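Here's the letter readout for the chains.
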Amino acid sequence: YRKALRLMKQAEKFKRPIITFIDTPGAFCGLEAEQRGQGEAIAKNLLEMSKLSVPILCFVIGEGGSGGALGIGVGNEICMLEHSVYSVISPEGLSSILFKDPSKSKEASEVMKLTSHDLKNLKIIDKIIKEPFNGAQEDVDLISKKIKNFIVDRLSYYETLSEAEI
């Protein structure tokens, strides 16, 4: 997270947009990670990313889980591949807390509203990129073109805005 933030600040210095691709089950949940300040580093990224003056486009391309996803997921626009998921906790983690039973992850995932369509309806994300029936891996070229078209379109929009407006 510290390295990602350093590179994002460098992008801002040279007035370059930031594009993040999120595919992580989340940050490591353990004592060692906290001893190295992982929670603080993620929190700092959230704060600092929200203050950057260049456009940030975030793409959830698989699993966007927990603080690991949030630590690089603050952007002007958040886009998800249709079959990806995005949440602040895993379904297993939530079912352990909510139902006191990690095996009830299916029920927990329904409560969580973690699909692209749920998150679009809740206005958490801005765009869904439609995928082939069996997923993005079925036609990587098509998905890549859709992502590229979105990036080009949105960056041309941000070119007209001042740093303060961004």
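Located above this text is the structure these notes cover.
Residues numbered from 1 in each chain as written. Predicted model: local features only at pLDDT ≥ 70, side-chain atom pairs only at ≥ 80, totals over all residues. Heavy atoms only, no water.

Draft legend 1. Main features of helix α6 (residues 105–112). Buried within α6 we find Ser 105, Ala 108 and Met 112. The arc that holds every buried residue of α6, seen down its axis, measures 55 degrees, which confines them to one face. Buried residues in α6 make contact with β4 (85–87) and α5 (91–98). Positive backbone phi, at 55 degrees, marks Lys 113, one or two positions downstream of α6. (Buried < 20%, exposed > 50% of the residue type's maximum accessible area, 1.4 Å probe, protein only. Helix = DSSP H or I, 4+ residues; strand = E, 2+ residues; numbered from the N terminus. Arc of directions from axis to C-beta. Contact = heavy atoms within 4.5 Å.)

Draft legend 2. Spotlight on the nonpolar core. Ile 18, Ile 56, Met 80, Tyr 86 and Ile 125 are the most contacted members of the largest nonpolar core, which totals 17 residues. At the level of secondary structure, the elements contributing two or more residues to this core comprise α1 (2–13), β1 (18–24), β2 (56–65) and β3 (77–81). Per element, the largest residue contribution to this core is 3 residues, and it comes from β2. Apart from the residues lying within four places of it in its own chain, the contact partners of Ile 18 are Met 8, Ala 11, Leu 52, Val 54, Pro 55, Ile 56 and Leu 57. Judged by nonpolar contacts, the second largest core, of 12 residues, contains Phe 59, Phe 150, Ile 151 and Tyr 158. (Core = buried A, V, L, I, M, F, W, Y, C linked by side-chain atoms within 4.5 Å.)

Draft legend 3. Broad picture of the layout of surface pockets. Considered as a void within the structure, the largest pocket measures approximately 240 Å³ in volume. What lines the largest pocket is a set of 15 residues, and nearest its centre among them are Ala 27, Phe 28, Cys 29, Ser 66 and Gly 67. Looking at the lining of the largest pocket, the elements that each hand over two or more residues are α3 (38–49) and α4 (66–70). Among the elements that take part in the lining of the largest pocket, α3 stands out by supplying 4 residues, more than any other. Considered class by class, the residues forming the lining of the largest pocket number 8 nonpolar, 6 polar and 1 charged. (1 Å grid on protein atoms, 1.4 Å probe; cavity = no way out; pocket = protein on both sides within 12 Å on 5 of 7 lines; lining within 4 Å. Points joined across faces, edges and corners; volume = space filled by probe spheres on them. Nonpolar A, V, L, I, M, F, W, Y, C, P; charged D, E, K, R; others polar.)

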